[in-house]
Amino acid sequence: MGGGIASALALFAAAPAWAQDLMGQPTPGGLGLQPAASPLKVEAHIFHDFILMPIITAICLLVLGLLLWIMIRYNRKANPTPARWSHNTLIEIIWTVVPVLILVFIALFSFRLLFAYHDMPDPDVTVKVTGNQWNWAYEYPDQGVAEYISNMLPEEEVAQRGMPSSLYRLAADEPMVVPVGKTVRLLVTASDVIHAVALPAFGLKTDAVPGRVNETWFRADRTGVFYGQCSELCGVDHAFMPIQINVVTEAEFAAWIASKGGSMTPATAEQAPGGTAAQVAAGTTGAPTATAAADAAAAPTAQTATTPTNAPAAPAAVAQ
């Protein structure tokens, strides 16, 4: 018997659930949420671990205690003559008011986190993400990087690259690349059916809807490779739409942009097709377009050149 207990303790100590969580990918047998790699995910961890979990645990223990107390105190043997009353005003007020107060308490922290997700700082990098059946397309409009397709790495190629087999269905052949410590805005849409961008380490989960552009953001606080997947049932190959984001240094990001034929400082709007103008048209930013800014700058010059200095002022427009 002693040997059986020792074996059980050894198995318990060696359980993979107690292994250190892997950064940017699922941990086999792991417990809890993936480690956070962005400020938003840190806030989500705090909300989950210190607000939701204590409340859930207290409610579960309270309900369990009430069930045990009722089963012991009011079973047929201990209480052969049941009471005849069916209402208690005080108890009914308590079980109505207390849940409302709990929900209001949760809402205070929930709205604060929700506001942080929608209060995006000025973005440093914009990436347009398009979901297709069944792959992802990425485009960097401000750097002039045209859309490219990101497909899942086949299982044999994962092995050929010396990557662990656990990265099958997570690794991609053409990942998204972003600089560390910079605010990255994602403009998310789809070309056919509803997909969803989900990357746990950054706290990302945004639907990709055809004919609509959704916006979200993140700021990676470390370099590395981070994995996610489509989290919307989008068809027969839904499980084969991984999202891989490589977070690199600014110098490495500039070199990658150059390798894709782009530039960190495009000189004209034509060198950044789909950039600021497309974002304004999509309703994702209030900034003026490059064309509008150029027109505004040129307007006073044109007026000065064509209007005599002693010309009378134009009459005010008459309201119709």
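Summary of the structure given here. (Residues numbered from 1 in each chain as written. Predicted model: local features only at pLDDT ≥ 70, side-chain atom pairs only at ≥ 80, totals over all residues. Heavy atoms only, no water.)

### Some points on the nonpolar core
Piece 1. With 35 residues, the main nonpolar core has Val127, Val129, Tyr140, Met176, Leu186, Phe202 and Ile245 as its most contacted residues.
Piece 2. The contacts of Val129, once residues within four sequence positions are left out, are Trp136, Ala137, Tyr138, Met176, Leu186, Leu187, Val188, Thr189 and Val197. (Core = buried A, V, L, I, M, F, W, Y, C linked by side-chain atoms within 4.5 Å. Buried < 20%, exposed > 50% of the residue type's maximum accessible area, 1.4 Å probe, protein only. Contact = heavy atoms within 4.5 Å.)

### Regarding the pattern of salt bridges
Piece 1. Using the criterion set out here, one finds 6 salt bridges in the structure.
Piece 2. Residue Glu43 pairs with Arg112 through a salt bridge whose shortest N-O separation is 3.2 Å. One end of the pair, Glu43, is in helix H2 (residues 39-73); the other, Arg112, is in helix H3 (residues 89-118), and 69 residues separate them in sequence.
Piece 3. What makes Glu43 partly exposed here is its relative accessible area of 27%.
Piece 4. Residue classification places Arg112 among the exposed residues on the basis of a relative accessible area of 54%.
Piece 5. Asp221 is paired through a salt bridge with Arg222; the nearest N and O atoms lie 3.0 Å apart.
Piece 6. Residue classification places Asp221 among the partly exposed positions, given a relative accessible area of 42%.
Piece 7. Since its relative accessible area comes to 34%, Arg222 is described here as partly exposed. (Salt bridge = Lys/Arg side-chain N within 4 Å of Asp/Glu carboxyl O. Helix = DSSP H or I, 4+ residues; strand = E, 2+ residues; numbered from the N terminus.)

### Things to note about the layout of surface pockets
Piece 1. In this model, the largest pocket occupies a volume close to 740 Å³.
Piece 2. In terms of lining residues, the largest pocket is bounded by 22 residues, among which Leu62, Leu66, Ile91, Ile94 and Trp95 are the most central.
Piece 3. Going through the elements one at a time, H2 and H3 are the ones with two or more residues in the lining of the largest pocket. (1 Å grid on protein atoms, 1.4 Å probe; cavity = no way out; pocket = protein on both sides within 12 Å on 5 of 7 lines; lining within 4 Å. Points joined across faces, edges and corners; volume = space filled by probe spheres on them.)

### Structural notes on the sheet that holds strand S8 (residues 214-218)
Piece 1. Taking strand neighbours across the sheet as the criterion, the 5 strands line up as S3-S2-S1-S5-S8 in an open arrangement whose pairing is mixed. Here the strands that pair on one side only, and so sit at the sheet edges, are strand S3 (145-150) and S8. On average, each strand axis in the sheet is tilted by 25° relative to the strand beside it, whichever way the strands run.
Piece 2. In the sheet, strand S1 (residues 125-132) pairs with strand S5 (residues 184-190) via 7 bridges, with the strands oriented parallel. Considered in S5, the bridge of Thr126 is made with Arg185.
Piece 3. Running over the sheet, helix H5 (residues 250-259) touches S1, strand S2 (135-140) and S3 and is turned about 100° from S2. (Pairing = 2+ DSSP bridges. Axes fitted to C-alpha atoms, helices over the stretch in contact; angles between N-to-C directions.)

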